[in-house]
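# Survey of secondary and tertiary structure
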Amino acid sequence: MAKEQKATNSKETKAARPQKKKGMMLSDRKNMAGYIFVLPVLIGMLFIFLPALVNSLVYAFNNVSIDFGGVKMEYVGLKNFYDAFLTDANFIPVFISGIRGMFFDSAVIILFSFFMSNVLNQKFAGRGICRVIFFLPVVLSMGIVADMEDANEMFNAMNGSLEEASATGTFDQIGFSTLFNVAGLLQLMGLPASLTNMIGTVLTNMYGILNASGVQILIFLSALQAISPSVFEAAKMEGATKWEEFWKITFPMLTPSLLVCVVYTVISTFTNPVYGIMEYIEAQGFSGAKYGYASALSWIYFVVVIVVLGLVTGILSKRVTYLD
Amino acid sequence: MTKTKTKIKNEFNFKRWARKWFSLHGMMSIGWKIVRAIILIGCCYTIIYPFLLKTIDAFKSFEDYLDPAVKYIPKYFTLANIKNVLSQLSWQKSFPVTFLYSALIAGLQVLVCGLAGYGFGRFKFRGSKIIFALVIMELLVPPQTLIIPLFLRFRFFYGGANLIGTYWPIIIMALTGMGIRNGLYIFMFRQTFRNMPKELEEAALIDGCSAFKTFFRVMLPNSVSMMVTVFLISFAWQWTDTTFTQRFQRGTSLLANMISNVDGGEEEVMVLQYNNTAAVLCVLPIMLVYLIGQKFIIQGVERSGITG
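The written sequence of each chain sets the order in which its residues are numbered from 1. To label them, take the chains in the order written and letter them from A, then take the ligands in the order written and number them from 1. This being a predicted model, a pLDDT of at least 70 is required before a residue's local features are given, and a value of 80 or more before pairs of side-chain atoms are given or counted; all residues contribute to the totals for chains, interfaces and linings.

### Some points on the overall build of chain A
Keep this limit in mind: Helix and strand assignments follow DSSP, with helices taken as H or I runs no shorter than four residues and strands as E runs no shorter than two, numbered in order from the N terminus. With C-beta atoms placed from the backbone, a residue counts as buried when 20 or more other C-beta atoms lie within 10 Å of its own, as exposed when 12 or fewer do, and as partly exposed for counts between those limits. Residue pairs are scored as contacts if the distance between their C-beta atoms, which are placed from the backbone, is within 7 Å.
When you go through chain A residue by residue, the secondary structure sums to 16 helices and two strands. Looking at the 324 residues of chain A, the share that counts as buried comes to 32%. Sequence separation of at least 24 residues holds for 68% of the intrachain contacts in chain A that already meet a minimum separation of 6.

Next up, the structure:
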């Protein structure tokens, strides 16, 4: 580790040295190759993503209506943004509940998936099956299965008499807590009520947490597997305990993936349908036909998430250790 | 660990047995094994229980399905649902087509995102930070926001071609790194490549490899775990994707399209059970692919001599 530190330090000083030579340095020419590597994505950005993004930004400052003649726009300045904060009584509460949920959920999901991936990386009987089961939420939480759920719910709503039948078919929220009353047990052991309540909340939401941490567990798992076993061997030869191995090798090697997971989790929890932000924005846009207002709302959401991500990555990236 | 276990089984050695059970370390490790088993069983139960119920539902006759008293063991076991749903999905065509298409898309995404991840992770070119910020932005924007402009783009593609209803839109999106959550894959690859020892590339450079050769010969083989992970996630999400498939590729025989045609037939109510059965049938092949694929998420290549 110390060696790496030295290596990165020397590199930094090299980079900091002013390079006044004109023309292309070897390193510059080498870096030009970077453009070729990101070329497909660059094309996508320029021709598909950015136009759409700019469009929605333009919509946010306009009153947009779509009729047979096409898209009609009427410039209204910041009115949509004023409306969101001052006139609309529903937006702010939905938004705040989303932000609060995001912080709590992200923390729980990250800790849980980090722990679980370490467990799944150990050797035990039935590890393959366990991994498959933990992958299941990646598939179940979106796309076809979620659509089928919605279709069934809609059918039931239209034919109210069949609630009984659907009860067996939909995904119930079943957690540890239905199996054992863990929170009550902990309270008996004399732990403070606030702590046991928190544990209780986590356990009753176990299904949601497991559902949301499928991808994160996979990312951590593949990062764990990427650590060369020889590093552990060397540590063992030096007399490191398992605890030291974890904090001196495993954890630093996982920090790059931790950053990915944090960013992904913050984004995905914020858009979690539980908090209704995305649904609210969509409802404004499609059923309310207020496209301009919906764009303004989504831009408010973008800005807030970007600020949160900026803060989080700013704090984390100082602690992220790269081997390079 | 396993060696000592087999030894204990073969010849019972009291001393070793006692040391294992009564030393602090041994007790801790056994305690951890028990805790681990409880946690894993609990989590697996939580995940699999609803899915298991659905799977059981698929084998129930419709009377059983409506009967709240029949939960785990169907009274009238039947394969009729599965047969019906399979024929409604026209499975001889839709399953192979979806399989090949998902594999193609996942492969393309691994390639494109891998290239981009390497570009972002290892090269410092002008504007790289801005482009990378846009990649994260891409992850941030919910697909619903992009659907209308994307639809118009593919309806009147450059040159006026109408790509809606063909297999092309998602292929084009995969080629340009715009597919479902491709920002995540790019980010994953970037972090992986950044975490690789630079000595690998330097060695390749000295041996006369070009940047591309280095990427394909040195960097990719060293990141098999990440490639497989991205491939599996991408495959699963493409297989189950309805957001883009149902809007841009209507009329193709992908599962996501076929599944929206499932109906109850003569008795409309049966659509409930058919939907459940279809969902189970669609998920099973992905599980199979994962079961095979996860074996490739393996320990990294030895590179002790290089990292030092």
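Further notes follow.
### Some details on the interface of chain A and chain B
The figure often quoted for interface size is the accessible area lost as the parts come together. Threshold: Residues were grouped as follows: Ala, Val, Leu, Ile, Met, Phe, Trp, Tyr, Cys and Pro as nonpolar; Asp, Glu, Lys and Arg as charged; and all remaining residues, including Gly, as polar.
Across the boundary between the two partners, chain A contributes 85 residues, which contact 93 residues of chain B. No other element matches the 20 residues that helix 2 (residues 26–60) of chain A contributes to the side of chain A that touches chain B. Within the side of chain A that touches chain B, the residues separate by chemical class into 59 nonpolar, 19 polar and seven charged.

### Examining the domain arrangement of chain B
All names here are of chain B. For clarity, the cut-off: Note that the domain bounds were set by an automatic or database domain assignment.
Domain boundaries in chain B define domain 1 (13–80) and domain 2 (85–307). A straight line from the C-alpha centre of domain 1 to that of domain 2 covers 32 Å. Secondary structure elements with two or more residues in the side of domain 1 that touches domain 2: helix 3 (24–58) and helix 4 (62–66). Looking at the side of domain 1 that touches domain 2 element by element, the count peaks at four residues for helix 3.

### Brief notes about the environment of Ile315 of chain A
Residue and element names in this part refer to chain A. Positionally, Ile315 belongs in helix 16 (residues 291–317). Given 10 C-beta atoms within a 10 Å radius, Ile315 is considered exposed. When the C-alpha atoms of Ile315 and Val139 are compared, they prove to be 32 Å apart, with 176 residues separating the residues in sequence.

### Regarding the nonpolar core
Looking at soluble globular proteins, one finds that nonpolar side chains tend to be buried together. Inclusion rule: Among buried residues, those of type Ala, Val, Leu, Ile, Met, Phe, Trp, Tyr and Cys that are joined through C-beta atoms within 7 Å form a set called a nonpolar core.
Membership of the largest hydrophobic core comes to 135 residues, with the highest contact counts inside it found for Ala116, Ile186, Met188, Ala236 and Ala278 of chain B. Considering every element that reaches this core, the biggest residue donor is helix 6 (residues 91–122) of chain B, with eleven residues. Counting contributing residues per domain, this core is built from domain 1 (13–80) and domain 2 (85–307) of chain B, each supplying no fewer than three. Excluding its chain neighbours within four sequence positions, the residues that come into contact with Ile186 of chain B are Val41 of chain A together with Cys113, Ala116, Gly117, Phe120, Val135 and Gly177 of chain B.

### Things to note about the confidence of the model for chain A
Detailed reading of predicted coordinates is not advised where the pLDDT is low. All names here are of chain A. Operational definition: Looking at any residue, its pLDDT shows the predictor's confidence there, from 0 to 100.
Mean pLDDT over chain A works out to 77, with 80% of the residues at or above the 70 mark. Below pLDDT 50 for its whole length, residues 1–16 participates in three contacts with residues either more than four positions away or in separate chains. Every residue in residues 161–177 is under pLDDT 50, and counting partners more than four places away or in other chains gives 43 contacts.

### Concerning the environment of Phe215 of chain B
All names here are of chain B. Its place among the elements puts Phe215 in helix 12 (residues 211–219). We classify Phe215 as buried; it has 21 C-beta atoms within 10 Å. With eleven residues separating them along the chain, Phe215 and Ala204 place their C-alpha atoms 9.6 Å apart. Once residues lying within four places of it in the same chain are set aside, the contact partners of Phe215 are Tyr118 and Leu220.

### Quick notes on helix 9 (residues 168–175) of chain B
Given 3.6 residues per turn, any residue in an α-helix points the same way as the ones three and four places further on. Where helix 9 of chain B is concerned, the buried positions are Pro169, Ile170, Ile172, Met173 and Ala174 of chain B. Residues of helix 9 of chain B that are buried sit in contact with helix 6, helix 8 (143–155) and helix 14 (245–248) of chain B.

### Regarding the packing of helix 6 of chain B against helix 9 of chain B
When two helices pack together, their arrangement is given by the angle between the helix axes and the distance between those axes. Residues and elements named next belong to chain B. The cut-off we apply is this: All axes are obtained by fitting lines to C-alpha atoms, using only the stretch in contact for helices, and the reported angles, taken between N-to-C directions, cover 0 to 180 degrees. These descriptions rest on fixed angle ranges, namely under 35 degrees for roughly parallel, over 145 for roughly antiparallel, 65 to 115 for roughly perpendicular, and the rest for oblique. If you view the pair so one helix is near and one far, a crossing is left-handed when the near helix is turned anticlockwise from the far one by less than a right angle, and right-handed when it is turned clockwise.
Viewed as axis vectors pointing N to C, helix 6 and helix 9 meet at an angle of 20 degrees, and their least axial separation amounts to 8 Å. Classed by the angle they form, the pair helix 6 and helix 9 counts as roughly parallel. Between helix 6 and helix 9 lies a crossing of right-handed hand. Of the residues in helix 9, those touching helix 6 at Ile105, Leu108, Gln109 and Val112 are Ile170, Ile171, Ala174 and Leu175.

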